[in-house]
Amino acid sequence: MPRSKKFRRARLIVIVLVVLLVAGVGYGGYRGVTAVRASFPEVDGTVKVAGLSAPVDVKRDANGIPQLYADTGEDLFRAQGYVQAQDRFWEMDVRRHITAGRLSEMFGDGQVDTDSFIRTMGWRQVAQKEYDTKLSPETKKYLQAYADGVNAWLAEHPGGEKASLEYAMLGAVNSGYKPEQWTPVDSVAWLKAMAWNLSGNLQEEIDRSLLAQDFGPDKIAELYPDYPYARNGTIVKTGTVNGDTYRPADGSTPAGAAPGAGTAQGAATTKALLQGLTDRIDGMPQLLGRPGQGIGSNSWVVAGSHTTTGKPLLANDPHLGPGLPSVWYQMGLHCRTASPACQFDVTGFTFAGMPGVVIGHNKDVAWGFTNLGADVTDLYLEKVTGPDTYQVDGKDEKFDLRKETIKVAGGEDRTITVRTTRTGAPLISDVSTEQQNVGKYAPNGSSAPDRGTGGYGVALQWTALSPGRTMDAVFELDRARNWDEFRAAAKDFAVPAQNLIYADSKNIGYQAPGVIPVRGKGDGSMPAPGWDSSYQWKPDPVPFTALPYSLNPAAGYIVTANQAVVDPSYKYSLTKDWEYGTRAKEITDQIEGLLKNNGKISPDDMQTLQLDNTSIMAKTLVPLLLKQRIDDPYVREAQDLLKDWNFHQDADSAAAAYYNGVWRNLLSLAFGQKFPADIRAKDNCLLVRQQDDPTKPDSSSKIVTQCGTRDPSKAQPDGGDRWTEVVRAQLDKPDSSWWTYIDSDHKEQKGLDNLLKEAMKNARQDLTSLLGKDISTWSWGRLHKLELREQTLGTDNSSIASGLVHKLLNRGPYRLSGGSAAVDAAGWNAAAGYQVDWIPSMRMVVDLNDLDSSRWVNVGGASGHAFHQNYNDQTDLWLKGKLLTWAYTPDAVEKATKHKLVLTTG
């Protein structure tokens, strides 16, 4: 429904307030600045916090990073809740509304579709079941203590009063909004958002189905090539599974053969149905970045026998979507004296709104995460036979039905009906009771009626929709003392499935945790027929005891960068959609080179390696580009930039700018022109050949201009790791049909050489329009920019997140080095443009010889308050590849302390 007049008028008030604040002059500006500063947290002195059994010290360094010291575990987590609320309560409040499907209560009817989708999946209900039935009494005790700490802070800021600038803005458009008390389930539910954004190949399932409308299985297989096991290797040497027990390999080389491409199950699935589903997924808040492939991370650990310190070194830099405040929150949680009542002495990165530390180290062990990429989601096509029935094995089954009422600020409540199959899979094609049209075509080409009288829906089976014990695992990791306790903690880490690397003073290790399904029929690459029970998941997932691990491998190091964990000889199928190992191979080669040349690896080497921005694909492609004879001096001038290029994608490199322009145009000519509009970027208009009758391959055709329809962040070809492998394979086939393209004169051309010349010409024109005619002024950073955008207010300019508000809260743009498949993974989507979509969201290097010599940096800063000195104070260091000293021991923390707050009993 249209936004109410009240909201439109209030939006104008917000804009006026912003103008006054930005101006910073006159009485109004002064009052605005004063109001902003009033929301800043107290960081010195004494504050009473109800429920504490003894005082807790909060020591902050110059970057506002808090280190907490308490006598009991409950006091420690109560204080953590209080301190995180001081810095980030607005962010926490918005996040819990996201995970509960209640954004409309804050921001109005523009969020109804998002709320409907999340309510349909039932994140909050699952989190409640986890809390009620799965988590240990101790974990519940800590979660409640954390909630009590948040609420102690909230009692000082009733209704969000003086809590943050954002609450003042929200109050102008939704004066009736008052924050509720924090609950333990609010913290648990955040794990669902984390799991969603790291959930594997859901988008690949949809894309393959959409591609199947225009391409056969062989062509689709070329677009999703087999993983290059022989070239890029696996995380561990593939061992054996005897019964349900994994036994690591003896160091032998993994098998090289990759599995063949699977059949296109349901290849003719309706475009309308799946595109509608994609639109709903695109509308989901992306607080961690876009879900699925492309969001990765780097981590590696080197044994003490190979380091200059004599003890292991561990590095980690998760790649997530950029934004402010940072998705990560740095913190230390320390028991003054280790005892059964207080067992924590841990520091690292966590999420605002969640107790404990997610990635970091304690006094005994260090650990890091990268996304395993396991296929933990499957789409099922369901034959809906009535409002509350669907078909399985020829018989009608009853949906489990529940009503969800969505309260809407400034508007009328909306009620939706959620339908769930007997396997617990919600029908996500139901956005509301008003929108239940499934489309036109059944999977095998047979006509399907509208859902109102029967037809096909789409259900989502996802491991995160079953209660798990991941919150238990967080606390167990935080107090693990050795490899066995680390693995015991990993066993409880249900979702998202991650690669866990490990180090203590003597050992290095790897463990693959997570709930990973065992399928009946099908391989998870395409939507499965829900009406055939043989395609359903087996009751039990892959046993934890059968999951791969490694302890002290012969190589003396372990690298995880989203490459394949094991080769195809492994008993279970983890996924068909690994990242393709480009980053992992580069890290491995760099480590091998350092060991060969220097014999030992230093902490500085670990830090430098995180900044490696080499384009591996350029090493293959540039020689081919330089072989092309270019007659036009205008284009040849740009081609010459590549002659002496070292393949480094530095921000000030003109060659890197031109190469990436060529890469983008190559992908557009070879693949983008042939892809359906619903896979290409919105407003990306290309010359394409359109058949008069798409159902007849030999029908006449014409060349037309066709624009894409997909959200740019999800568009294809995105140019990431998979596309380097696609192009690499086709370069050996100079007459491949993929090299047929339509040139700027609307003429069809063929052959690799011709396409490379056209891509170079188009890139020269594109960069001239973007950077100017003088190539001496070109640089990669002028194209490849990062803007840190305030995430919680969204981007809808019809809401309180007006352009002026975002100018107030956002930071940047910044010119970045790096690239999508580089170790320094400043990712960009070639189908949409050059802007940065995902980044190393933090960097850390842990030195097990001297924990106080460890290093870390965050993007943004500790504070969630837009004009606080710690809102964005670490970004400049991050841009320059610098890391902060990471104080850990009491003496080091005390030396670094700039502010000390004592929380006392209330």
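Rules used throughout
Residues numbered from 1 in each chain as written. Predicted model: local features only at pLDDT ≥ 70, side-chain atom pairs only at ≥ 80, totals over all residues. Heavy atoms only, no water. Disulfide = S-S within 2.5 Å. Helix = DSSP H or I, 4+ residues; strand = E, 2+ residues; numbered from the N terminus. Pairing = 2+ DSSP bridges. Axes fitted to C-alpha atoms, helices over the stretch in contact; angles between N-to-C directions. Contact = heavy atoms within 4.5 Å. Buried < 20%, exposed > 50% of the residue type's maximum accessible area, 1.4 Å probe, protein only. pLDDT = per-residue confidence, 0-100. Core = buried A, V, L, I, M, F, W, Y, C linked by side-chain atoms within 4.5 Å. Salt bridge = Lys/Arg side-chain N within 4 Å of Asp/Glu carboxyl O.

Caption draft 1: Representation of the state of the cysteines in the model. Tallied over the entire structure, the rule returns two disulfides. Two residues share a disulfide in this structure: Cys 685 and Cys 707, whose sulfurs sit 1.8 Å from each other. In this structure, the disulfide formed by Cys 685 and Cys 707 twists by about 95° around the S-S bond and is classed as right-handed. Linking Cys 685 in strand β23 (residues 685-691) with Cys 707 in strand β24 (residues 701-707), this pair joins segments that are 22 residues apart in sequence. Cysteine pairing in the protein chain follows 1-2, 3-4, where each cysteine in a disulfide is numbered by its order in the sequence.

Caption draft 2: Up close: the sheet that holds strand β21 (residues 549-551). What the eleven strands build is an open sheet, ordered β1-β34-β2-β3-β8-β9-β10-β11-β18-β19-β21; its pairing is mixed. Of all the strands in the sheet, the pair left with one neighbour each is β1 (45-49) and β21. If you compare each strand with its neighbour and ignore which way they point, the axes differ by 15° on average. Pairing of strand β9 (residues 345-350) with strand β10 (residues 359-362), which is carried by four bridges, proceeds in the antiparallel orientation. Its bridge partner lying in β10, Thr 347 is registered against His 361. Relative to strand β8 (residues 329-335), helix α3 (residues 73-99) is tilted by about 155°, and along the sheet it contacts β1, β2 (56-60), β3 (66-70), β8, β9 and β34 (899-905). Against the sheet, helix α14 (residues 470-478) engages β9, β10 and β11 (366-371), with an angle of about 145° to β11.

Caption draft 3: Seen up close, the pairing of strand β32 (residues 855-858). Where burial is concerned, the two faces of β32 agree: the one with Arg 855 and Val 857 and the one with Trp 856 and Asn 858 are both buried. Across four bridges, the pairing between strand β31 (residues 842-847) and β32 is antiparallel. Along β32, the bridge assignment pairs Met 844 with Trp 856. Relative to strand β33 (residues 884-885), β32 is paired through two bridges, and the arrangement is antiparallel.

Caption draft 4: View of the confidence of the model for the protein chain. On average, residues of the protein chain carry a pLDDT of 88, and 86% of them reach 70 or more. Across residues 1-13 the pLDDT falls below 50, and counting only partners more than four positions away or on other chains, this stretch makes 24 contacts in the model. Predicted confidence for residues 251-270 stays below pLDDT 50, and this span has 50 contacts to residues more than four positions away or in other chains.

Caption draft 5: Summary view of the nonpolar core. In this structure, Trp 462, Tyr 570, Tyr 658, Tyr 659, Phe 671 and Leu 903 are the most contacted members of the largest nonpolar core, which totals 200 residues. When residues of this core are assigned to their parent elements, the largest contribution, twelve residues, is made by helix α20 (residues 654-670). Once residues within four sequence positions are removed from consideration, Trp 462 is found in contact with Met 121, Trp 123, Lys 192, Ala 195, Trp 196, Ser 199, Val 376, Thr 377 and Trp 537. Membership of the second largest hydrophobic core comes to 37 residues, among which are Ala 561, Leu 595, Val 805 and Tyr 814.

Caption draft 6: Quick look at unusual backbone geometry. Residue Pro 717 is reached from Gln 716 by a cis peptide bond, and omega for that bond is 0°. Inspection of the secondary structure assignment puts Pro 717 in the loop between β24 and α21 (721-730). In this structure, Asp 393 takes a positive phi of about 55° despite not being glycine. Relative to the helices and strands, Asp 393 resides in the loop between β13 (389-392) and β14 (395-398). The exposure class of Asp 393 is partly exposed, given its relative accessible area of 44%.

Caption draft 7: Structural view of the pairing of strand β12 (residues 377-386). Where burial is concerned, most of β12 is hidden: eight out of the ten residues are buried. Two successive antiparallel strands, β12 and β13, enclose a turn made up of two residues.

Caption draft 8: Looking closely at the pattern of salt bridges. What the rule picks out here adds up to 44 salt bridges. Here Asp 577 ties to Arg 208 by a salt bridge, and the two come within 2.6 Å at their closest N and O atoms. Of the two residues, Asp 577 is situated in the loop between β22 (557-560) and α16 (582-597) and Arg 208 in helix α10 (residues 202-211); the sequence distance between them amounts to 369 residues. For Asp 577, a relative accessible area of 7% puts it in the buried group. Asp 388 serves as the salt-bridge partner of Lys 398, at 3.2 Å between the closest nitrogen and oxygen. One end of the pair, Lys 398, is in strand β14; the other, Asp 388, is in the loop between β12 and β13, with ten residues separating them in the sequence. For Asp 388, a relative accessible area of 26% translates into the label partly exposed.

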